[in-house]
Amino acid sequence: MVLLHVLFEHAAGYALFAVKEVEEIGMLLPQVEESVLSIGKFNGMVSLAAFFPFKSAQGALENMNAISEGVVHADLKLFLETNLPLSGKKKAVLGVSDAKIGAALQEEFSVSIQTGGVVAEIGRGLRLHFHSLVKGLTAQAASKAQLGLGHSYSRAKVKFNVNRVDNMIIQSIALLDQLDKDINTFSMRVREWYGYHFPELIKVVPDNSMYCRLAQLIGNRKELSEESLESLEEVVMDSAKAQAILDASRSSMGMDISPIDLINIERFSDRVVSLAAYRLELQEYLRSKMSQVAPNLAALIGEVVGARLISHAGSLTNLAKYPASTVQILGAEKALFRALKTRGNTPKYGLIFHSTFIGRAAAKNKGRISRYLANKCTIASRIDCFSEVPTSVFGDKLRGQVEERLSFYETGDVPRKNVDVMKEALKEATDVATEIKRKLEKKEKKRKKREKKLQELDANGETNGDAGVENGDADVTSVKKKKKKQAAEEMEVQVEEAPAAENGAEDTPGKKKKKRKAEVQAEAAAADNGVEETDTPAKKKKKRKTETMDVEPAEEIPETPVSEKKKKKKKKEAAE
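What you see is a predicted model, and the numbers here were worked out from it, not measured in a lab. Within any chain, residue numbers begin from 1 and follow the written order of that chain's sequence. It should be noted that, the model being predicted, local features are given only for residues of pLDDT at least 70 and side-chain atom pairs only at 80 or more, the latter also being counted only at that level, while totals for whole chains, interfaces and linings use all residues. Neither water nor hydrogens contribute to the side-chain values; these are computed over all heavy atoms in the structure.

1. Observations regarding the overall build of the protein
Then, number 1: Helix numbers and strand numbers start at the N terminus; a helix is a DSSP run of H or I with at least 4 residues, a strand a run of E with at least 2. Counting its regular elements, the protein contains 28 helices and five strands.
Then, number 2: Only protein chains enter the accessibility calculation, which uses a 1.4 Å probe. A residue is then buried if its area is under 20% of the maximum for its type, exposed if over 50%, and partly exposed in between. Classification of the 576 residues of the protein by burial places 35% in the buried group.
Then, number 3: Two residues qualify as a contact provided that any one of their heavy atoms is within 4.5 Å of a heavy atom in the partner residue. Considering only residue pairs separated by 6 or more positions, the protein has 67% of its internal contacts joining residues 24 or more positions apart.
Then, number 4: Here the open area of atoms and residues is found with the Shrake-Rupley method and a 1.4 Å probe, where only the protein chains shown may cover a residue. For the protein, the accessible surface area stands at approximately 35600 Å², while carbon and sulfur atoms represent 54% of it.

As structure tokens, then:
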């Protein structure tokens, strides 16, 4: 009797199901397919033997990554060792959905693995009814776990994609090729359209982009005069050409054109000019991107040809895996297979033909130099792919070697040995790499310092906010303070007037009062505005004045009526 256990990997954890009556089920596959849909019938076939829930989302992600790569995780190993009956009278068979993980489990446990047939059908049923078969797991919780794990798994795959950096190069070179075709087509359309009005301009200005700019500038040829000669010179960069355009416009055989047609031509030529300008920007972007991703390949063969090689291979990693013979004919696959089919001569070069080296070589040496160049391209791509710090040192040295080989074919000068060149390059590369690392460390330190300062400033801001909350009474009652300030000023005036009217003996208490006021002001300012030390002296004075308003009225209010009564008495005495 065969005892079949099915391993099921879910976002919630690992589950091991025991399948009843394996032989009978195996014989009646169509019935199995029907019974999978109903939970009642399916419960009769399958029973849960063990369930191992994942402790965290990170653990679930690690386990799923291991399964997708066909590696047995430590959690899965422990789970199967604990729950799978490996020894006994009955022969244990483990059913798994993926053959890759099945092979790894077979090596690990030396147990017979089953993948197809009835296991696939049972796996379909388990996916459908899993939340019903495991106690305490609801359909909503299971779907949430699946969604969360799915997002984190996809995010991790995108994050750790080794080809992610060169994706931008592949897209930009494809767009650059497309723009070249489009600009060429649109320029021909402008030439044909504007040629009805001014056919002689094509002979004077053969360049497409310049023609579009001139069509935009000239407009109606009848309006051209000596005044517009300067603006024509700015576009064509040649005074003789500008004069030729002016002369041709005066004796042109072209038809007259309506203003609405001219507006459409000008708008279309404007679009073509803007496309040409964008193409230049895109080329600059590609150059900067290649210097970051594949600096050695760019230094050796050029940015555009290097980008085309990466695009054709699919990624920089794929290009690095190719042998030199494949890189040599990359892009000439049709010609290669046609030659193999007809037993003719195989092509000598593919995309690398666009490099300057093959064009400069003599006809008899083109095959040799293409083979040598492909060899150096392979070395450069491997250095770019697997080096930690990207530098163009090796690319410059390899380019020098190709130049030497080219001169050797032409003049017979013996080139330097590869070992010597690579030793020099290695020494230079280590120096450059250490310099780059030092700069990066410096930048990192500066960034950390900035972050620390920002954190400190945030912390200070929070404490200032708390102090503001504590001293909130002063902010809320600003209107009241103004009123108190006015009252205090009036009282001070009265206090100053009173000693002048009274005897000289009463001058000393007034001075004492002023000293007390100054002391009270200083103490209040120190207590209330201790946090706001950064304020300017003018602000401090204002604050002190407002704070004295709260303290002084209590002392001065009872004194003011006395002084008023004294004044009234003196007035009465004077009247009598």
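We are not done yet, so read on.
2. Quick notes on helix α11 (residues 208–218)
Then, number 1: Every buried residue of α11 is accounted for by Asn208, Met210, Tyr211, Cys212, Leu214, Ala215 and Ile218.
Then, number 2: Residues of α11 that are buried sit in contact with α9 (167–195), α10 (201–204), α12 (229–236), α13 (239–250) and α14 (259–293).
Then, number 3: Where α11 terminates, the next one or two residues include glycine 219, which has phi positive at roughly 65 degrees.

3. Let's talk about the packing of α9 against helix α16 (residues 303–313)
Then, number 1: Orientation is described by lines fitted to C-alpha atoms, with helices fitted over the stretch in contact, and by angles between N-to-C directions that extend from 0 to 180 degrees. Close contact between α9 and α16 brings their axes to 9 Å; oriented N to C, the two are set at 115 degrees. The pairing of α9 with α16 is recorded here as roughly perpendicular in orientation. Remark: the crossing between α9 and α16 carries left-handed chirality. For the pair α9 and α16, the contacting residues are Ile169, Ile170, Ile173 and Asp177 in the first and Val304, Ala307, Arg308, Ile310 and Ser311 in the second.
Then, number 2: For this scheme, ten residues count as nonpolar: Ala, Val, Leu, Ile, Met, Phe, Trp, Tyr, Cys and Pro. Four count as charged, namely Asp, Glu, Lys and Arg, and the remainder, Gly too, count as polar. Looking at the contact of α9 with α16 residue by residue, the classes come out as six nonpolar, one polar and two charged. Oblique is the label for every angle not falling under 35 degrees (roughly parallel), over 145 degrees (roughly antiparallel), or within 65 to 115 degrees (roughly perpendicular). The hand of a helix crossing depends on one turn: near helix anticlockwise from the far one by less than a right angle means left-handed, and clockwise means right-handed.

4. A look at the pattern of salt bridges
Then, number 1: Between Lys or Arg on one side and Asp or Glu on the other, a salt bridge is scored when a side-chain nitrogen of the former is within 4 Å of a carboxyl oxygen of the latter. This structure, assessed with the given rule, holds 18 salt bridges.
Then, number 2: In this structure, the salt-bridge partner of aspartate 180 is arginine 279, at a minimum N-O distance of 2.3 Å. Note that aspartate 180 is positioned in helix α9 and arginine 279 in helix α14, a separation of 99 residues in sequence.
Then, number 3: Between glutamate 226 and arginine 250 there is a salt bridge, with the nearest N and O atoms lying 3.1 Å from each other. Remark: arginine 250 occurs in helix α13 and glutamate 226 occurs in the loop between α11 and α12; sequence separation between them is 24 residues.
Then, number 4: The class of glutamate 226 is partly exposed, set by a relative accessible area of 46%.
Then, number 5: According to the relative accessible area criterion, arginine 250 is exposed, its value standing at 51%.
Then, number 6: The structure contains a network of salt bridges with shared partners spanning Lys397, Glu404, Arg416, Glu424 and Glu428.

5. Re the nonpolar core
Then, number 1: In this description, a nonpolar core means a group of buried Ala, Val, Leu, Ile, Met, Phe, Trp, Tyr and Cys residues linked to one another through side-chain atoms lying within 4.5 Å. The biggest cluster of nonpolar side chains holds 39 residues, and the ones touching the most others in it are Met290, Leu297, Leu300, Ile301, Ile310, Leu319 and Leu373.
Then, number 2: Breaking this core down by element, the ones donating at least two residues are α9, α14, α15 (295–301), α16, α17 (316–321), α20 (356–360), α21 (366–386) and α22 (393–411).
Then, number 3: The residues contacting methionine 290, other than those within four sequence positions of it, are Ile169, Pro295, Ala298, Glu303, Gly306, Ala307 and Ile310.
Then, number 4: By size, the runner-up hydrophobic cluster in this structure holds 25 residues, among which are Val190, Tyr194, Val205 and Leu224.

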